[in-house]
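One letter stands for each residue in the lines below.
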Amino acid sequence: MLDAMTPQTDTSPVAEILLVEDDLELRREMTAYLVDNGHVVHEAGDVPTARKILAERAIQVAVLDVNLPGEDGLSLCRTLAGGDGPAILMLTAQGDPIDRILGLELGADDYVVKPIMPRELLARVKALLRRRPAGAATRKTSVYRFADFRLDLAARQLRAPNGAILLLTRSELAILGALLERARQVAPREDLIALLRSDEADETGRAVDLHISRLRRKIQDQTDRELIRTYRGVGYMLDAGVVRE
């Protein structure tokens with residue numbers, strides 16, 4: 001549940017915000033805080049309602065829950081992240097690493113795990129309004145090609161050079177996505193640990209090492225190249241050029 005706080009004094013321009021959240025109590029609490037701080041908030045509990053509001057109002061920031069009944073927030077994010085779309089803030093209660101990466105790849109501007117304090121929600125909305133005016137969204141790809149492999153994050157699918165589909169866990173997909181983002185740069189172990197759900201990442205980071213080992217084995221079974229390199233005490237690097245489709 002959101003904490004009860006007095007509204008902040010805010011001199012920023014009024015924004016029209018779309019809040020898409022199926023938890024009625026949570027949605028009303030978030031709405032009340034944003035309204036108390038001078039913004040206009042339109043509420044939706046599902047994607048069809050959200051689309052109707054978007055068709056009728058000039059929304060500047062869309063706050064989207066990932067897990068919604070029927071069509072999910074990621075699907076709506078995908079359609080919004082075009083040239084004329086609003087800034088997008090994704091919310092999730094699960095902290096799923098692949099959903100976080102996928103949301104950002106599909107065009108979300110920010111991503112947070114619930115519960116979120118109302119003051120932080122307001123701060124993130126204001127930050128989006130400052131750095132990215134409405135209509136400045138750009139669609140990002142979720143497909144990568146590297147060393148004749150093809151990773152489709154939206155489909156959660158890795159295709160080997162011979163066409164075989166490799167089965168990866170959510171955490172393996174999240175880690176591979178992070179390595180692709182920093183291709184030929186070392187990704188610190190601490191950053192990879194942060195991607196994993198709390199029940200997987202222990203204090204020593206052994207969970208990351210285990211996922212890397214399994215991921216490396218699956219990829220190396222399909223190629224003669226050593227694509228994932230270990231830098232002891234530092235992190236890991238994907239040693240390949242990466243092309244986004």
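Residues numbered from 1 in each chain as written. Predicted model: local features only at pLDDT ≥ 70, side-chain atom pairs only at ≥ 80, totals over all residues. Heavy atoms only, no water.

Asker: How would you explain the sheet that holds strand 1 (residues 16-20) if you had to name every residue and give the values?
Answerer: The five strands lie next to each other as 2-1-3-4-5, forming an open sheet whose pairing is parallel. What marks the edges here is a single partner per strand, and that holds for strand 2 (40-44) and strand 5 (110-113). For this sheet, the mean inter-axis angle between neighbouring strands, taken without regard to orientation, is 20°. Examined bridge by bridge, strand 4 (residues 87-92) and strand 5 share four bridges and lie parallel to one another. Across the sheet, residue Met90 finds its bridge partner in strand 5, namely Tyr111. Seen against the sheet, helix 1 (residues 24-36) touches strand 1, strand 2 and strand 4 and runs at an angle of roughly 170° to strand 2. Sheet strands touched by helix 3 (residues 73-80): strand 3 (61-65) and strand 4. Its angle to strand 3, the strand with the most contacts, is close to 155°. (Pairing = 2+ DSSP bridges. Helix = DSSP H or I, 4+ residues; strand = E, 2+ residues; numbered from the N terminus. Axes fitted to C-alpha atoms, helices over the stretch in contact; angles between N-to-C directions. Contact = heavy atoms within 4.5 Å.)

Asker: Break down the nonpolar core for me, with residues and values.
Answerer: Judged by nonpolar contacts, the single largest core of 52 residues is most densely connected at Leu64, Met90, Phe146, Phe149, Leu151, Leu158 and Leu176. A total of seven residues in this core trace back to one element, the largest contributor, which is helix 6 (residues 170-181). Apart from residues lying up to four places away in sequence, Met90 is in contact with Leu64, Val66, Gly73, Leu74, Cys77, Ala108, Asp110, Tyr111 and Val112. In terms of nonpolar packing, the next biggest core, distinct from the first, is built from 19 residues, Leu26, Val61, Val112 and Ile116 among them. (Core = buried A, V, L, I, M, F, W, Y, C linked by side-chain atoms within 4.5 Å. Buried < 20%, exposed > 50% of the residue type's maximum accessible area, 1.4 Å probe, protein only.)

Asker: Would you mind going over the sheet that holds strand 8 (residues 157-159) in detail, with residue names and values included?
Answerer: Spatial ordering of the open sheet is given by 9-8-7-6-13, a layout of five strands whose pairing is antiparallel. Each of the sheet's edge strands pairs with one partner strand only, and the pair in question is strand 9 (165-166) and strand 13 (242-244). Relative to strand 9, strand 8 is paired through two bridges, and the arrangement is antiparallel. Counterpart to Leu158 in the pairing with strand 9 is Leu166. Running at roughly 70° to strand 6 (residues 143-146), helix 6 makes contact with strand 6, strand 7 (149-152), strand 8 and strand 13 of the sheet.

Asker: Describe helix 8 (residues 206-220), listing the residues and the values that go with them.
Answerer: End to end, helix 8 covers 21 Å across 15 residues, agreeing with the expected 21 Å (1.5 Å per residue, within 8%). Buried residues of helix 8: Ala207, Val208, His211, Ile212, Leu215 and Ile219, and no others. Considered in projection along helix 8, the buried side chains sweep an arc of 130° and stay on one side of the axis. (Expected span 1.5 Å × (residues − 1). Arc of directions from axis to C-beta.)

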